[in-house]
Amino acid sequence: MAKPHRNRPAHPPARGAGRVSRAVALAAALTASLLHAPHAAAAAPAVPATNTSAEPCAVDPQAPPKRQMRAEWISSVVNIDWPSEQGLSPERQKAELIDLYDRAKADGLNAVFVQIRPTADAFWPSPHEPWSEWLTGTQGTDPGYDPLAFAVEEAHARNLEFHGWFNPYRVAMHDDPSRLVADHPARVNPDWVFAYGGKLYYDPGIPEVRAFVVEAMMHAVENYDLDGVHFDDYFYPYPVAGETVPDQDTFAEYGGEFGDIGDWRRDNVNRMVQEMDEAVHTAKPHVKFGISPFGIWRNDTSDPNGSDTGGFESYSQIYADSRRWVREGWVDYINPQVYWEIGLPVADYAVLVPWWEQVTEGTDVHLYIGQAAYKVGNAGAWSDPDELSRHLDLNREYPGVDGDVYFSANSLRTNARDAMDVVVEQHYANPALIPVKEDLGGAAPAPPVVTAAARADGGTELTIRPGRGGRPAYYAVYELEGAPGRQEVPCEVQDARALIGTVRAAEDGGETVFTAPGGGDVTYYVTALDRLHHESTTSNPRHVPRG
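The structure contained in this document is the topic of the report that follows. What you see is a predicted model, and the numbers here were worked out from it, not measured in a lab. (Residues numbered from 1 in each chain as written. Predicted model: local features only at pLDDT ≥ 70, side-chain atom pairs only at ≥ 80, totals over all residues. Heavy atoms only, no water.)

A closer look at the sheet that holds strand 3 (residues 161-166)
Here we have eight strands rolled up into a closed barrel, ordered 1-2-3-7-8-9-10-11, and parallel in their pairing. Pairing between strand 1 (residues 69-74) and strand 2 (residues 111-117): four bridges, direction parallel. Opposite Glu72, over in strand 2, you have Val112 as the bridge partner. Seen against the sheet, helix 5 (residues 207-223) touches strand 2, strand 3 and strand 7 (228-231) and runs at an angle of roughly 130° to strand 2. The sheet strands contacting helix 7 (residues 261-283) are strand 7 and strand 8 (288-291), and the helix crosses strand 8 at an angle near 160°. (Pairing = 2+ DSSP bridges. Helix = DSSP H or I, 4+ residues; strand = E, 2+ residues; numbered from the N terminus. Contact = heavy atoms within 4.5 Å. Axes fitted to C-alpha atoms, helices over the stretch in contact; angles between N-to-C directions.)

Looking at the sheet that holds strand 16 (residues 512-516)
A sheet is described by the order of its strands in space; here three strands give the open sequence 12-13-16, paired in antiparallel fashion. Looking at strand neighbours, the two that pair on one side only are strand 12 (449-456) and strand 16, the edges of this open sheet. Adjacent strand axes in the sheet meet at a mean angle of 25° when their direction is disregarded. Pairing analysis gives seven bridges linking strand 12 to strand 13 (residues 459-465), with the strands arranged antiparallel. Residue Ala454 lies in a different strand from strand 13, and its bridge partner there is Glu461.

Structural notes on the packing of helix 5 against helix 7
At their nearest, the axes of helix 5 and helix 7 sit 10 Å apart, and the two run at 30° to each other. Overall, the two elements helix 5 and helix 7 adopt an arrangement that is roughly parallel. Pair helix 5 / helix 7 crosses with right-handed handedness. Here helix 5 contributes Arg210, Val213, Val214, Met217, Met218 and Glu222 to the contact with helix 7, which in turn contributes Asn268, Arg271, Met272, Glu275, Met276, Ala279, Val280 and Ala283. Partitioning the contact of helix 5 with helix 7 into residue classes produces nine nonpolar, one polar and four charged. (Parallel < 35°, antiparallel > 145°, perpendicular 65-115°, else oblique. Left-handed = near helix turned anticlockwise from the far one by under 90°. Nonpolar A, V, L, I, M, F, W, Y, C, P; charged D, E, K, R; others polar.)

Quick word on the pattern of salt bridges
Proximity of charged atoms lets side chains of opposite charge pair with each other. Going through the model one piece at a time under the given rule, you end up with 22 salt bridges. Among the ionic pairs, Arg271 bridges to Asp267, the shortest N-O distance being 2.7 Å. With Arg271 and Asp267 both in helix 7, this residue pair falls four residues apart, about one helical turn. For Asp384, the salt bridge is made with Arg390, and the minimal N-O distance between the two is 3.0 Å. Through salt bridges with shared partners, a single ionic network connects Arg103, Asp107, Arg417 and Asp421. (Salt bridge = Lys/Arg side-chain N within 4 Å of Asp/Glu carboxyl O.)

Side note on the side chain of His219
Looking at the secondary structure, you find His219 in helix 5. Every residue in contact with His219, bar those within four places of it in the chain, is listed here: Trp124, Pro125, Ser126, Pro127 and His128.

Looking at the nonpolar core
Ranked by size, the top nonpolar core spans 94 residues in total, and within it Tyr101, Phe162, Tyr202, Val229, Phe231, Met276 and Trp325 carry the most contacts. When residues in this core are grouped by element, the largest group, nine residues, is from helix 5. Among residues more than four places away in sequence, those in contact with Tyr101 are Ile74, Val112, Val114, Ala151, Glu154, Ala155, Arg158, Leu160 and Phe162. (Core = buried A, V, L, I, M, F, W, Y, C linked by side-chain atoms within 4.5 Å. Buried < 20%, exposed > 50% of the residue type's maximum accessible area, 1.4 Å probe, protein only.)

Let's talk about helix 11 (residues 387-395)
Most of helix 11 sits out of view: seven of its nine residues are buried. Those residues of helix 11 not exposed but buried are Glu387, Leu388, Ser389, His391, Leu392, Leu394 and Asn395. Looking at the packing, one finds that the buried side of helix 11 touches helix 10 (349-360), strand 10 (366-371), strand 11 (403-406) and helix 13 (417-426).

Quick look at the environment of Ala476
Turning to its location among the elements, Ala476 is positioned in strand 14 (residues 474-481). Given a relative accessible area of 0%, Ala476 falls into the buried group. Along the backbone, Ala476 and Tyr525 are 49 residues apart, and their C-alpha atoms lie at a distance of 8.5 Å. If sequence neighbours within four positions are ignored, Ala476 has contacts with Leu433, Leu499, Gly501, Thr502, Tyr525, Val526, Thr527, Leu529 and Glu535.

Thoughts on the side chain of Glu161
Residue position: Glu161 is located in strand 3. Overall, the relative accessible area of 4% leaves Glu161 in the buried class. Side-chain polar atoms of Glu161 contact the side chain of Lys288, separated by 2.7 Å. Apart from residues lying up to four places away in sequence, Glu161 is in contact with Met69, Asn110, Ala111, Val112, Asp227, Lys288, Ile434, Arg531 and His533. (Polar contact = N/O pair within 3.5 Å; in protein donor to acceptor, adjacent residues only side chain to side chain.)

Some words on the packing of aromatic side chains
Counting across every chain of the model gives 27 aromatic pairs. Here the aromatic rings of Tyr236 and Tyr319 are separated by 5.5 Å at their centres, their planes lie at 75°, and the arrangement is edge-to-face. Residue Tyr236 is found in the loop between strand 7 and helix 6 (248-254), and its partner Tyr319 is found in the loop between helix 8 (314-317) and helix 9 (322-327); the two are separated by 83 residues along the sequence. Joined through ring pairs, the aromatic side chains of Trp73, Phe113, Tyr333, Tyr339, Tyr368, Tyr374 and Phe407 make up one cluster. One residue, Arg266, lies across the ring of Tyr315, its end atom 4.0 Å from the ring centre. When the ring centre of Trp297 is taken as origin, the NZ or CZ atom of Arg323, which lies over that ring, is 5.5 Å away. (Phe/Tyr/Trp six-rings, centres within 6.5 Å; stacked < 30°, edge-to-face > 60°. Lys NZ or Arg CZ within 6 Å of the ring centre and 35° of its normal.)

Details of helix 13
Along helix 13, the residues that are buried comprise Arg417, Ala419, Met420, Val422, Val423 and Val424. Buried-residue contacts for helix 13 involve helix 1 (90-106), helix 11, strand 11 and helix 12 (409-413).

Laid out in structure tokens, this is it:
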């Protein structure tokens, strides 16, 4: 989220191979009873996708993780990523988003976090707030289509998870209420708003404001097929030298028993986080709710539970008690913006990642690390295009890290392109499945059936139909060397290097076609997954001999 503070220093002016060979099949880990002979596709029994013998699957430690969040932020505020400028035609806007999605897919990503409410406005026809000015250049003007519906549909067509990114309290990137559309809630309720640092904000201390922003955001959750609801790090505004947040009257009215305005502000943010979490999961239990806080909660000089850092503290400066959100289970994932290089004394990436892993330890909260792609090319460590890849090398040392999110989409096409090429080569050579959040429900579908495998331009076309019991969300396709009966399938499909792609299941419940890029004395297996990424056992094998 490359907002104005993104370039602020931590202390503000204070390869895997494309297929798995028999050498990594780890046959010694399994008994002969796990071997399966070839059988007819239509009636073949499934082969377990997870090992069921007494011996655990000893997946090669050099293999990349099979499950990993790999996402990018697509920012709309001030047209950072999409749309690239105001007033583009619907066709241009759609084409730009498709280009971003296609690039994400080519880079091995499996999710997008798209900003759909950047400044108390909407990228969908909301009954609560006006159309966003970042679409047409004029707030309240209909862009001629439904951008959110289009964005969700196109993401799902590429089997990318779609997380709607909302900014709860920012009203405008200027401080003039008269510039807002006449029926804007901030003009209708001027006592809800304060100006600070040249911008307008809703006052988080007013209960009616909290209720309103939750309702406004929930309209998108209730009416669109979102996979996740995402907040960034803006709650109370970042401090501006010489200014004081003008909420003393609000504190006097609503502060209750709080003797300290800071404690009251943190409670206001906590209440909104709790209320949004409850609202999301009441409406749609399968939708994930996550927040991307500033990378430092507190330094250990301020709190023994803090990190060994010396930078800006979000707890006391923007009243974001992110550690508590995790420990209380008010979020499904936490995505700290660890936007510093390895070895930076004031905020060392190598210190903060294990600290955040400790915060999530023992909870059901997933940990995704926010990566500063926008910094690539800056002086120092960021001048080395290998810096991002080194971050992922370090993450591998901490099993509590469930993936990464890059800020932002445009940087991955421009200044960080070379760095991302290194990441793709060294870490994302094969796709990854998104980690399962077990407490959100869901269950693995029935194993699918591969009914045909035919040579085609560009590879091998696999025809897949769902198993009995309903349509899955998507399929995962695995490629193993040799004919069936020579592989230890349960363990081999646990190796990420066997995974060659995923494809959304046909919406009508019929057959789905996936084009595998290779072919030639290989066997394909397919699994079915629900929208929460629970994976079935494997399909029947389909062997493609060398042709």
